[in-house]
Amino acid sequence: MLNTPSKSRQIPVLRSLLVISAALFLGTMFTPERSGTPVNEGREEIIPLSDAMASMQFLTAQRAYPLEDIPPGAYSSAFERAEPAMRTARQLSAGSATDTWTVPTPWQSIGPKNLGGRTIALAINPLNTQVIYAGGATGGLWRTDTGGIGATAWHYIETGLPVLGVHAIAIDPADTSVVYIGTGEVYNRANSMGSIYIRTTRGSYGIGLLKSTDSGLTWEKSIDWSYDEGRGVHEIVIDPYDHTRIWAGTSEGVYRTTDAGMTWDQVLDVQMAVDIAV
């Protein structure tokens, strides 16, 4: 006669198996590197990953790097590290030494009011804050000399080149007539399809990095990608102590110049470099 486990012993075992199965299933479903759901058992069909889930996984992967997932307790730990600076900011905003908070001024749209579109880059002249440059996803480069105030405050800057997407703008703090712009909005390296709504390809073509030495009146190519337009320049950072040393984060990696953009060297071979801190 076979000995079978009692009912009271079977329940914990079944619960453990269910927990393990659920963990394995969720681990498969939410792995950031996954590009689609697993193949259905006994079928050839692959269920594609939704745009919403792909966006969530991408966001998590960015914040978890170099780990596979965000560690438990990381959110509270980060808050504890940032809280003193947040408290200081609140005190400065309130204009007193007490930990109080003033209601900020409501946001108002300051334009451009004659054209709709996404603004993806912004740079304020450090010596004259009324002068602001704005880059559009597919609208090119714009400038205001009134701090953006007024219905006609913004005007389009003609570069003389086929520039639609302006993803990065940097103004030389030592000579504010010198302006750099990075062209192209690229979501997927070497793949841009001009505003077609596919997450991996949506964006605008780029021709490299442009430089102006006369506040945007004329422009010249500093990094020339005219013949490989599926690339994009996402970030431009000027060394605050040496304005001839500049970094550019691009879809092809990180580039650096030590002669104010005359020549560039790739200093980091990593795809889709989107942010730089000096």
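Here, the structure is the one placed above.
These numbers come from a predicted model, not from an experiment. (Residues numbered from 1 in each chain as written. Predicted model: local features only at pLDDT ≥ 70, side-chain atom pairs only at ≥ 80, totals over all residues. Heavy atoms only, no water.)

(A) Spatial organisation of the sheet that holds strand E2 (residues 132–136). Spatially, E1-E2-E3-E4 is the arrangement adopted by the four strands of the open sheet, whose pairing is antiparallel. What marks the edges here is a single partner per strand, and that holds for strand E1 (119–124) and strand E4 (154–157). Sheet twist, expressed as the average angle between the axes of neighbouring strands with direction ignored, equals 25 degrees. By the bridge criterion, five bridges tie E1 to E2 in an arrangement that is antiparallel. Within E2, the residue paired with isoleucine 124 across the bridge is isoleucine 132. (Pairing = 2+ DSSP bridges. Helix = DSSP H or I, 4+ residues; strand = E, 2+ residues; numbered from the N terminus. Axes fitted to C-alpha atoms, helices over the stretch in contact; angles between N-to-C directions.)

(B) Summary view of unusual backbone geometry. Here the residue pair tyrosine 65 and proline 66 is connected by a cis peptide bond, since its omega of 5 degrees sits within 30 degrees of zero. Relative to the helices and strands, proline 66 resides in the loop between helix H2 (51–64) and helix H3 (74–94). With a phi angle near 60 degrees, serine 215 is a residue other than glycine that sits in the positive phi range. Of note, serine 215 is situated in the loop between strand E9 (208–212) and strand E10 (220–224). Positive phi, normally seen in glycine, also occurs at alanine 260, with a value near 60 degrees. Along the chain, alanine 260 turns up in the loop between strand E13 (253–257) and strand E14 (265–268). When its relative accessible area of 16% is taken as the criterion, alanine 260 is described as buried. (Buried < 20%, exposed > 50% of the residue type's maximum accessible area, 1.4 Å probe, protein only.)

(C) Representation of the packing of aromatic side chains in the model. This structure, assessed with the given rule, holds two aromatic pairs. Taken together, a centroid distance of 5.7 Å and an interplanar angle of 75 degrees make the contact between tryptophan 142 and tyrosine 156 edge-to-face. Note that tryptophan 142 is positioned in strand E3 (residues 141–144) and tyrosine 156 in strand E4, a separation of 14 residues in sequence. With a relative accessible area of 12%, tryptophan 142 lands in the buried category. Residue tyrosine 156 is classed as partly exposed on the basis of its relative accessible area, which comes to 38%. A centroid spacing of 6.0 Å and a plane angle of 70 degrees characterise the contact between tryptophan 225 and tyrosine 255, whose relative ring orientation is edge-to-face. Of this pair, tryptophan 225 sits in the loop between E10 and strand E11 (233–239) while tyrosine 255 sits in strand E13, placing them 30 residues apart in sequence. Just as tryptophan 225 is buried, tyrosine 255 falls in that class too. When the ring centre of tryptophan 225 is taken as origin, the NZ or CZ atom of arginine 231, which lies over that ring, is 5.0 Å away. (Phe/Tyr/Trp six-rings, centres within 6.5 Å; stacked < 30°, edge-to-face > 60°. Lys NZ or Arg CZ within 6 Å of the ring centre and 35° of its normal.)

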